[in-house]
Amino acid sequence: MSLIDGKAIAAKINEESRLAVAELQARGVTPGLAVVLVGSDPASQAYVRSKDAMCQKLGMYSEKYELPAETTQAELLARVRALNTNPAIHGILVQSPPPPHIDERAVVEAIDPRKDVDGFHPVNVAKLTLGDPDGFVPCTPLGCQRLLIESGIETAGAHVVVLGRSMIVGKPLALLLMNKGRGGDATVTVAHSRTRNLAEVTRAADILIAAIGRPEFVQVDMVREGAVVIDVGINRVAAPESPKGSKLVGDVAFAEVAPKCRAITPVPGGVGPMTIAMLMANTIESCWRSTGRGRGS
Ligand code: NAP
């Protein structure tokens, strides 16, 4: 069994990003990311701060807006529109979930698709569906695909089972892996809470990707011998033995499942660090495009 070290792979990608930022700066442009948070949810605040800190680490420009929970829909839309026309900003992210009085769909649709580095705007969803590489792909699915590529795990012709069908992870990941090209060409099955004989479905996977938000749901009998397992889940559970009283676990029962796998990601230290690395990479890509040069050109 080999452990897929998301931390090390993310560090490599961040180093590439740092070099790309330096190259862009030499051309007179600095990639800029704006992160907008409405309300004071502690987990969201931590995410926003870590994104801001990563921008600084890579030499990028960042703007962070921590708006009060009473911010109106109109005020939030006005903030997004101002960022759309700000030439120093190449990526805009509105931290999810917003307070209940905010229509998240409308906010996402207000973001200029060329700055939608989260990849949730309908134009970018359509581009992913069409296999058009000019869009932006959501960061967590992109990070999962990159983990497979960097670990030398062939997806072409492989049977991938994606457990979960959310718009943030499962659905875009299934599209990404079935699209043609490097890190794609897989035969993809998507399973969810209505799937019958779930263990039979997951056991058929060469590559099993769990993204359901249920602590240690995937048990050893659900995994084929020699499978590759990518665990997207991040679940906080009680742990009286830990000084904090809680710990993070994935959607996979790691200790039992790992010995059966060809390769597996840990939680934490697997998919998690990749998400932020891909957000930075998407923002840099948006900056390249603003100069008239895109990825790989
Ligand atoms: P979500 O929106 O709640 O979606 C969960 C999906 O799992 C749904 O499609 C649901 O099916 C399915 N599901 C739930 N219980 C199931 C069961 N018992 N059997 C089969 N399918 C089941 O969650 P999400 O946003 O995709 O996130 C999933 C997990 O990934 C969470 O732990 C989250 O914290 C984590 N996550 C991690 C990162 C990262 O950076 N590593 C990023 C995003 C999310 P239905 O559609 O039928 O309800």
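Below is a summary of the structure that appears in this document.

**Examining the overall build of the protein**
Then, number 1: Counting its regular elements, the protein contains 10 helices and 11 strands.
Then, number 2: The C-alpha atoms of the protein give a radius of gyration of 19 Å, which matches the 19 Å a tight globule of 297 residues would have.
Then, number 3: Taking the principal axes of its C-alpha atoms as reference, the protein extends roughly 50 × 45 × 35 Å.
Then, number 4: Relative to all contacts within the protein whose residues are 6 or more apart in sequence, the contacts with residues 24 or more apart total 69%.
Then, number 5: When the accessible surface of the protein is split by element, carbon and sulfur atoms take 55% of a total near 13800 Å².

**Focus: a nonpolar patch on the surface**
Then, number 1: Judged by side-chain polarity, Met-1, Leu-3 and Phe-254 come together as a nonpolar surface patch covering roughly 300 Å² of accessible area.
Then, number 2: With respect to the helices and strands, the residue Leu-3 is situated in strand E1 (residues 2–3).

**Focus: the nonpolar core**
Side chains that are nonpolar tend, in soluble globular proteins, to be buried together.
Then, number 1: Grouped together as the largest cluster of nonpolar side chains are 54 residues, with contacts concentrated most on Ile-4, Ile-207, Ile-209, Val-228, Ile-230 and Met-280.
Then, number 2: Per-element accounting of this core gives the leading share, 9 residues, to helix H10 (residues 272–290).
Then, number 3: Ala-191, Leu-198, Ala-205 and Ile-264 belong to the second largest nonpolar core, which has 18 residues in total.

**A few points about the environment of Val-201**
Then, number 1: In this structure, Val-201 sits in helix H8 (residues 198–203).
Then, number 2: When sequence neighbours within four positions are dropped, the list of residues in contact with Val-201 reads Val-161, Thr-189, Ala-191, Thr-195 and Arg-196.

**Regarding the environment of Gly-226**
Then, number 1: Note on placement: Gly-226 falls in the loop between strand E7 (207–210) and strand E8 (228–231).
Then, number 2: Measuring from C-alpha to C-alpha, the distance between Gly-226 and Ile-207 comes to 9.3 Å, with 19 residues separating the pair along the chain.
Then, number 3: Setting aside residues no more than four positions away along its own chain, Gly-226 makes contact with Lys-260, Cys-261 and Arg-262.

**Considerations on the sheet that holds strand E4 (residues 91–94)**
Then, number 1: Overall, parallel pairing links the 3 strands, which are arranged E3-E2-E4 in an open sheet. Edge positions in the sheet fall to strand E3 (61–67) and E4, since each has one partner strand and no second. Sheet twist, expressed as the mean angle between neighbouring strand axes with direction ignored, is 10 degrees.
Then, number 2: Relative to E4, strand E2 (residues 32–38) runs parallel, the two sharing 4 bridges. Across the sheet, residue Val-36 finds its bridge partner in E4, namely Val-94.

**Description of the packing of aromatic side chains**
Then, number 1: Here the structure, examined in full by the defined rule, presents 0 aromatic pairs.
Then, number 2: The aromatic ring of Phe-136 is capped on one face by Arg-289, whose charged end is 4.5 Å from the ring centroid.
Then, number 3: When the ring centre of Trp-288 is taken as origin, the NZ or CZ atom of Arg-293, which lies over that ring, is 4.2 Å away.

**A word on the site of the ligand**
Then, number 1: The local shell around the ligand holds 20 residues, among which Arg-165, Ser-166, Ser-193, Ile-234 and Thr-275 are the closest.
Then, number 2: At a separation of 2.5 Å, an oxygen atom of the ligand approaches a polar side-chain atom of Ser-193.
Then, number 3: Between Arg-214 and the ligand, the recorded distance is 3.3 Å, taken from a side-chain N or O atom to a nitrogen atom.
Then, number 4: Here the ligand loses 72% of its free accessible area of 930 Å² to cover by the protein chains.
Then, number 5: For the shell around the ligand, the per-class residue count stands at 8 nonpolar, 10 polar and 2 charged.

The rules we used
Residues numbered from 1 in each chain as written. Predicted model: local features only at pLDDT ≥ 70, side-chain atom pairs only at ≥ 80, totals over all residues. Heavy atoms only, no water. Helix = DSSP H or I, 4+ residues; strand = E, 2+ residues; numbered from the N terminus. Rg over C-alpha atoms; globule rule 2.2 N^0.38 Å. Contact = heavy atoms within 4.5 Å. Areas by Shrake-Rupley, 256 points an atom, 1.4 Å probe, with all protein chains shown as cover. Patch = residues over 30% accessible without salt bridge, like charges linked within 9 Å, V, L, I, M, F, W, Y side chains within 5 Å. Salt bridge = Lys/Arg side-chain N within 4 Å of Asp/Glu carboxyl O. Core = buried A, V, L, I, M, F, W, Y, C linked by side-chain atoms within 4.5 Å. Buried < 20%, exposed > 50% of the residue type's maximum accessible area, 1.4 Å probe, protein only. Pairing = 2+ DSSP bridges. Axes fitted to C-alpha atoms, helices over the stretch in contact; angles between N-to-C directions. Phe/Tyr/Trp six-rings, centres within 6.5 Å; stacked < 30°, edge-to-face > 60°. Lys NZ or Arg CZ within 6 Å of the ring centre and 35° of its normal. Near = heavy atom within 4 Å. Polar contact = N/O pair within 3.5 Å; in protein donor to acceptor, adjacent residues only side chain to side chain. Nonpolar A, V, L, I, M, F, W, Y, C, P; charged D, E, K, R; others polar.

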